[in-house]
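So you can see what is in the structure, the chains are spelled out below.
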Amino acid sequence: LAQAFRGSREAPNQSVSAMTMPNRKRQRNFDLIGPLVDRVLTCHGEELAEKDNALRLNHLVHFTDDPNLAETLANHGKVKQLTELCWRTVGAQMLTAHHEAISLLVNLLVPQGTRSSIFHGFVLMVQQEESCRTLLSHEDMPVVAHHLVKAVGKCGNVEERDVIQACNLVAAAMENEKDRTDFCEAIIQAEGVSFLYHFFEHWPDHFGTAALIRTLDRFLSSPVDERMWNAQTESRQDFANDWLKLLTRELLQPDGALCARALGNTLQLREGTFFQVLMQGKLFDHLITNLVVGSKQGKDRICAAMFTTRQLLQRSDALKRLASHPRFEPLVSLAISNLQLATEEEDDLLQVLTFFLQNDTTKRAVVSGSHPMQIIDAISHLLDSPSQHVQELSLELLTQILHYIEPGVLSGASEAMTRLLPRLCGLDQASELMRRLLSSLQWWPQYVQLVPLHFKRRWLADQLHSQAQQPTPVHLQVQKDDLLGSLCNKLKDCPDNLRWGIDVSFTDDEDDEDMEEEDVSTKDRKEFFRLAANEIMYADLELFKSKDGGRSFHVSPNATEKDHVEHLELCGKLIGLALLHGEPVPSMKLSKPLRRMLLGAPLRPLEDMASVDPAFYDSKVAYVLEGRYQEGEGSKELSALNLTFVDDAEGEKVELCLGGAERCVNEENKMQYLDLLCHHRLMDSVRDQVEAVLKGLHTLVPADVQTQLQRVFTATELGLCLCGEGTIDVSEWKGKSEQKTSNEIWDTFWRAVEAMSNEQRQGLLEFTTGAFTVQGDVEGLILAPTDGLLPEVVPGLDASPTLKLPGYGSVEQMRQALLRSCSGSDAELATNLWAR
């Protein structure tokens, strides 16, 4: 019977009005369907009723495949109860019964009386993810799509309520991203060639514009965008025009972020209709104006606006119009001021600014005014992002901005550079950028001191390698029992090739068969540097002398023989090779003034003398400087000491200036006398010896690198590179120190030390005690108050040195003051304060 009345399901658009159906035919149809409906409704709750109901529903489906019978069922008095049963069956996922229930509901889309309610039921169904998947995979989904296209397009006997529910169903079906592809495919197969245009035109006003934009945006977004748009073969131009106008207008409304995002998604389509419409007339100008004005109202709007801007930049004609638009510079300022909002998902701010810098017509707006400093400041924060993608984009933008700005701009970004530089040095992908940046930073000591020592070491090695003519190390075969003699001969013949380093093997060593060749070479090189440094510093050679208890060694003025000069030149080469290979030579504890001379930095005669020869400083320099001759019972005037501008060291009198033997020291010129005296002992008396060391050093460090070396490294850092650095235990240092100041200054000082890096603590240790530590052992301090404005050190001959400290308002102020004192950057400030 069911087969006899089965109609064609391939033509669901054929519907018959109940008013035109002949009465006798209607009655016959009712007589066929009525008992079956009653049986379904009566037996659906009985045990084992599911299988029977599935069969009865199947019979109803076959009947209602005929539009006339579907119309009859729609007019049945119990049709509402039947549809409710079908929805419950679908919701319960009752094996085969739910499949038949969906087919019956689909057939009821044909009659006008039930279409709207069935659409509404499907709306509720697709809002459940599993149920939506059930509908999309159902064999009657093409029929549903057909009715949707017909309703949205207002074709045939469609009422307004049908349109409303059809639009509602479309919006609900597009919410789940996983199901969009299948749903759109069904619409396309239903020949929805102008579906988007009809959907836009017939969207119910009471649903709101935001819901319309959200739904259409999903049709025009990946993964269905190209497929859906290519299927819209009719009304393309009209839809593009109306859609872009709507989005442009709504950019100023509360849902502006949604509109900007939808606009960007639309412009991503490869087919050029939307761009063609946008570039006609004044629509583009209105869009840019509204985009900028509307983006001043929150993070979401700004990020969405940058997403749209990024899509506009894909077209050269759009870029040209954008660059000439009156709102372009405000757009750039908006992007820069909100650059810190960039994330891995919202990276358009970084992408847009990088693109602007790469284009000649737009880069001027990015590098003008304070924009570069704002960008650098934002990047200093973005590099803390855990996202590697954000870090890479930030580094690309930073590289671009540094390429186009003058180095002087960096002087106004001190706070940002303080954050930026340590972060750059810690990123492997930023190493090349940091190397180039360091060349510009050399002129600002406050920035150079922020660069960690490990990075400076790598930078120096790269500078030295770049000077080599061929990337081949020099191979040295040396004897341990005649190390210096063989070295002087071998290194003399290959000065240029040394800049790529050395490989060392000992002729009097047994081969280590258990080690790889590369490991043996590294082991021999380390051993070579250790032995060579030990012999160079050996006391019997009389190349260096220590007058501070072995903490540091200064060049000896007695090293005047030819062998001495050759060995000092060899010492310079060893220093250069140690820096090149990054190999420590702990025994080469050169004095701080000697390290200054190797760097080409000026001496600080009084301060340096206090560290090199504390006894001479106390008995002669401090005696005159502090006016001790006026103390005690035998007080006298300075003139009574009969001092002239002469130094009688080593039993030989040397004039410190022209006519110095006849020039007497008095209160007015005693500072000049002490300065010349200390300078002579530290430098002038050993000038030839120092020149020999420098000659050897310059074999590996050419003049241009030497100039940079002076600006990048401090004397303390050079010492740490040569000798290695031990880790300073602050608690141990504090335990060895003595408090003679207030609790507040004491606590502030040690908290400031704890806030320093290990390299900075080493600098402080050398500033206060005259030497840094290689093994980690430290000498205690005596902390005392001072009436001065700067920290000052009083060397101790038989006791710990005294560090006199003024009070500071915070730990950071104390830390900065100590670091400036260690680096000597406060010399000019101290002079001005003293004069005042």
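Q: Can you break down the overall build of the protein residue by residue, with the values?
A: Scanning the protein from terminus to terminus reveals 43 helices and 10 strands. Across the 836 residues of the protein, 53% fall into the buried class. Long-range contacts, defined as pairs at least 24 residues apart, comprise 70% of the intrachain contacts of the protein with a sequence gap of at least 6. Taken as a whole, the protein presents about 38300 Å² of accessible surface, with 47% of it coming from carbon and sulfur.

Q: Explain the confidence of the model for the protein residue by residue, including any values.
A: Scored by pLDDT, the protein comes out at a mean of 84, with 89% of its residues at no less than 70. Averaged over each element, pLDDT in the protein is lowest for helix 43 (residues 827-835) (34) and highest for helix 21 (residues 348-358) (95). Confidence drops under a pLDDT of 50 for residues 1-21, and excluding neighbours within four residues, the segment shows 45 contacts in the predicted structure. Low pLDDT (under 50) marks residues 825-836, which in the prediction has 6 contacts with non-local residues, meaning those over four places away or in another chain.

Q: Could you give an account of helix 40 (residues 743-754), naming the residues involved and the relevant values?
A: Taking 1.5 Å of rise per residue, the 12 residues of helix 40 would be expected to cover 16 Å, and the 17 Å separating its terminal C-alpha atoms lies within 8% of that figure. Turning to helix 40, its buried residues are Ile745, Trp746, Thr748, Phe749, Trp750, Ala752 and Val753. As for helix 40, its buried residues are in contact with helix 39 (730-736), strand 7 (738-739), helix 41 (758-769), strand 8 (782-785), strand 10 (802-805) and helix 42 (811-823).

Q: Just give me the short version of the packing of aromatic side chains, but keep the residues and values in it.
A: Summed over the entire model, instances satisfying the criterion amount to 19 aromatic pairs. Considering the side-chain rings of Phe239 and Phe274, the 6.4 Å spacing of their centres and the 80° angle between planes classify their relative orientation as edge-to-face. Of this pair, Phe239 sits in helix 14 (residues 236-250) while Phe274 sits in helix 16 (residues 273-278), and the two are 35 residues apart along the sequence. The pair Phe239 / Phe274 is uniform in exposure class, with both members buried. Ring centres 4.8 Å apart and planes at 75° place the aromatic pair Phe749 and Trp750 in the edge-to-face group. Like Trp750, Phe749 is buried. Linked through ring pairs, Phe195, Phe199, Trp203, Phe207 and Phe219 together constitute an aromatic cluster. Residue placement shows Arg681 over the ring face of Phe616; its charged tip is 4.0 Å from the ring centre. For the cation-ring pair, Arg711 lies above Trp443, with the distance from its terminal atom to the ring centre recorded as 3.9 Å.

Q: Can you break down the pairing of strand 8 residue by residue, with the values?
A: In summary, the side chains of a regular strand alternate between the two faces of the sheet. As paired strands, strand 7 and strand 8 are joined by 2 bridges and run parallel to one another. Paired with Gln739 across the strands is Leu783, a residue of strand 8. Where strand 8 lies against strand 10, 4 bridges are found, and the strand directions are parallel. Each bridged residue has a counterpart across the sheet, and for Leu783 the counterpart in strand 10 is Leu803.

Q: Summarise the packing of helix 20 (residues 328-337) against helix 23 (residues 371-382); cite the residues concerned and give the values.
A: Packed helices, taken two at a time, are described by their axes: the angle between them and the distance between them. Here helix 20 crosses helix 23 at 30°, and the two axes come no closer than 9 Å. By the angle between their axes, helix 20 is roughly parallel relative to helix 23. Of the residues in helix 23, those in contact with Val332, Ser333, Ile336 and Ser337 of helix 20 are His371, Gln374 and Ile375. Class assignment for the residues of the contact of helix 20 with helix 23 results in 3 nonpolar, 4 polar and no charged.

Q: Run through unusual backbone geometry, naming residues and quoting values.
A: With omega at 15°, the peptide bond leading from Ser222 into Pro223 counts as cis. Here Pro223 lies in the loop between helix 12 (209-219) and helix 13 (225-231). Here the phi dihedral of Lys154 falls at roughly 55°; this positive angle occurs in a residue that is not glycine. When its relative accessible area of 40% is taken as the criterion, Lys154 is described as partly exposed.

Q: Which residues make up the environment of Pro473, and what values do they have?
A: Within the secondary structure, Pro473 is located in the loop between helix 28 (453-466) and strand 1 (474-478). For the pair formed by Pro473 and Gly501, sequence separation is 28 residues and the distance between their alpha carbons is 4.8 Å. Not counting residues within four places of it along the chain, the set of residues in contact with Pro473 comprises Trp500, Gly501, Ile502 and Asp503.

Q: With reference to specific residues and values, describe the nonpolar core.
A: Counting 239 residues, the largest nonpolar core has Trp243, Phe528 and Phe544 as its most contacted members. If sequence neighbours within four positions are ignored, Trp243 has contacts with Phe200, Ile213, Leu216, Asp217, Leu220, Ala262, Thr266 and Phe274. The next biggest cluster of nonpolar side chains, apart from the first, holds 25 residues, and it includes Trp750, Ala752, Leu765 and Met814.

Reading the values: rules and limits
Every residue gets a number counted from 1 within its own chain, in the order that chain's sequence is written. This being a predicted model, a pLDDT of at least 70 is required before a residue's local features are given, and a value of 80 or more before pairs of side-chain atoms are given or counted; all residues contribute to the totals for chains, interfaces and linings. The side-chain figures draw on all heavy atoms in the structure; neither hydrogens nor water molecules are used. Only DSSP runs of H or I with at least four residues qualify as helices, and only runs of E with at least two residues qualify as strands; both kinds are numbered from the N terminus onward. Burial classification: accessible surface area is computed with a 1.4 Å probe over protein chains only, and a residue below 20% of its type maximum counts as buried, one above 50% as exposed, and the rest as partly exposed. Any two residues whose heavy atoms approach within 4.5 Å are treated as being in contact. Note that accessible areas follow from Shrake-Rupley with a 1.4 Å probe, and for residues the cover is restricted to the protein chains shown. A residue's pLDDT is the predictor's confidence in that residue, given on a scale from 0 to 100. By this rule, a helix spans an expected 1.5 Å times one less than how many residues it contains. When two rings of Phe, Tyr or Trp (its six-membered ring) have centres within 6.5 Å they constitute a pair, described as stacked for plane angles under 30 degrees, edge-to-face for angles over 60, and tilted for the intermediate range. For a Lys NZ or an Arg CZ to count as sitting over a ring, it must be within 6 Å of the ring centre and within 35 degrees of the ring normal. Criterion used throughout: strands pair if DSSP finds at least two bridges between them. The axes used here are C-alpha line fits, helices contributing only the stretch in contact, and every angle between their N-to-C directions lies in the interval 0 to 180 degrees. Just so you know how the angles are binned, under 35 degrees is roughly parallel, over 145 roughly antiparallel, 65 to 115 roughly perpendicular, and the rest oblique. Throughout this entry, Asp, Glu, Lys and Arg are counted as charged residues, while Ala, Val, Leu, Ile, Met, Phe, Trp, Tyr, Cys and Pro are counted as nonpolar. The remaining residues, Gly among them, count as polar. We define the nonpolar core as a collection of buried residues of types Ala, Val, Leu, Ile, Met, Phe, Trp, Tyr and Cys that are connected through side-chain atoms lying within 4.5 Å of one another.

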